[in-house]
Amino acid sequence: MVYSEVVQHGNEHLIVTMVIDVSAEKASRNELEASRERFTKAFNFSPLGMTITRLSDGRFMEVNPANERILGYTQEDFKGKTALEAGVWLSDEDRMAYVNTMQRNGRLLAYETRMRSKSGVPVDVRVWAEIIEIGGERCALSFTLNVAEEKRREAMLLNVAEGVSGQTGEAFFLSL
């Protein structure tokens, strides 16, 4: 970057020039932009429902398109709303249990809970979340996976195990 200014010193006109090497700053900006692009692509193309919400009130800051497949909500359904306003949590107590567990542990790994789908049906989900800071605000970067089908299959298998356990061996079916 070059900065020049004409100054008058007595009867003489002088040109004062300053040359600043900004290559490190430019490289840093390019690296930041590449990182932002990678995050945006990973966020938007993930098969997991991903959200960034403020911990203070649960307001959605970012939502990826996969949430429509996971719980039926579109990005527009979340725009400008808190998780409670959107209807994702079955109750405020459920949301507070999620927030309190995350704050206590700093993150969530395969946290099992129930959320409400857009159609109003409670759905079993597994959530991975990490506390991040955006603009001085503590937020949750969350990854949600609908495990309702997995839970249904598990219950069906246990039902079968209980039905035939006397003949085949309960331990076998429980291990299965």
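Analysis parameters
- Residues numbered from 1 in each chain as written.
- Predicted model: local features only at pLDDT ≥ 70, side-chain atom pairs only at ≥ 80, totals over all residues.
- Heavy atoms only, no water.
- Helix = DSSP H or I, 4+ residues; strand = E, 2+ residues; numbered from the N terminus.
- Expected span 1.5 Å × (residues − 1).
- Buried < 20%, exposed > 50% of the residue type's maximum accessible area, 1.4 Å probe, protein only.
- Arc of directions from axis to C-beta.
- Contact = heavy atoms within 4.5 Å.
- Core = buried A, V, L, I, M, F, W, Y, C linked by side-chain atoms within 4.5 Å.
- Salt bridge = Lys/Arg side-chain N within 4 Å of Asp/Glu carboxyl O.
- Pairing = 2+ DSSP bridges.
- Phe/Tyr/Trp six-rings, centres within 6.5 Å; stacked < 30°, edge-to-face > 60°.
- Axes fitted to C-alpha atoms, helices over the stretch in contact; angles between N-to-C directions.

Draft legend 1. Focus on helix H5 (residues 92-105). When the terminal C-alpha atoms of H5 are compared, their 20 Å separation across 14 residues agrees well with the 20 Å that a helix rising 1.5 Å per residue should span. Of the residues making up H5, those classed as buried are Arg95, Tyr98, Val99, Thr101 and Met102. All buried residues of H5 lie within an arc of 165° about the axis, which places them on one face of the element. Across from the buried face of H5, at angles greater than 90 degrees, the exposed residues are Glu93 and Arg104. Just beyond H5, the residue with positive phi is Gly106, at close to 85°.

Draft legend 2. The arrangement of the side chain of Thr144 in detail. Assignment of secondary structure puts Thr144 in strand E7 (residues 137-146). When near neighbours in sequence (up to four residues on either side) are disregarded, Thr144 contacts Leu48, Gly49, Ile70, Met115, Val125, Arg126 and Val127.

Draft legend 3. Representation of unusual backbone geometry. Notably, Ala110 is not glycine yet its phi reads approximately 55°, a positive angle. Here Ala110 is to be found in strand E5 (residues 107-116). A relative accessible area of 33% means that Ala110 is categorised as partly exposed.

Draft legend 4. The arrangement of the nonpolar core in detail. Membership of the largest hydrophobic core comes to 23 residues, with the highest contact counts inside it found for Leu71, Val88, Tyr98 and Met102. Sorting the residues of this core by element identifies strand E4 (60-63), helix H4 (83-86), H5, E5 and strand E6 (122-134) as the ones contributing at least two each. Tallying contributions element by element places E6 first for this core, with five residues. Look past the residues within four positions of Tyr98 in its chain and what remains in contact with it is Trp89, Leu108, Tyr111, Val127, Ala129, Ala140 and Ser142. Listed in part, the five residues of the second largest apolar core include Phe43, Met50, Ile52 and Leu141.

Draft legend 5. Region of interest: the pattern of salt bridges. Scanning the entire structure with this criterion turns up 10 salt bridges. Its salt-bridge partner being Glu33, residue Arg36 comes within 3.1 Å of it at the nearest N-O pair. Taken together, the residues span about one helical turn, with Arg36 and Glu33 both in helix H1 (residues 23-45) at a distance of three residues. Glu33 sits in the partly exposed class, given a relative accessible area of 42%. Between Glu130 and Arg107 there is a salt bridge whose closest N-O contact spans 3.0 Å. Of this pair, Glu130 sits in strand E6 while Arg107 sits in strand E5, placing them 23 residues apart in sequence.

Draft legend 6. View of the pairing of E5. In this sheet, E6 lies alongside E5 in antiparallel orientation, the contact comprising eight bridges. Paired with Met115 across the strands is Val123, a residue of E6. Connecting E5 to the next strand, E6, in antiparallel fashion are five residues, including Gly120 with a positive phi near 95°.

Draft legend 7. Molecular detail of the packing of aromatic side chains. Counting across every chain of the model gives five aromatic pairs. Measuring from centroid to centroid gives 5.0 Å for Trp89 and Tyr98, while their planes differ by 45°, and the two rings are tilted. Under the relative-accessibility criterion, Tyr98 is labelled buried at 6%. Through successive ring pairs, a cluster of aromatic residues spans Phe60, Tyr73 and Phe78.

Draft legend 8. View of the sheet that holds E4. Strand order in the open sheet made by the five strands is E4-E3-E7-E6-E5, with antiparallel pairing throughout. Here the strands that pair on one side only, and so sit at the sheet edges, are E4 and E5. Taken over all neighbouring pairs, the strand axes of this sheet differ in orientation by 30° on average, direction set aside. Note that E6 and E7 share 10 bridges and pair antiparallel. From the neighbouring strand, Glu133 faces E7, where its bridge partner is Arg138. Those strands touched by H1 are strand E3 (49-54), E4 and E7, and its axis lies near 115° from that of E3. This element, H5, spans E3, E5, E6 and E7 of the sheet and lies at about 180° to E5.

Spatial relationships are all this shows, so hold off on functional conclusions.
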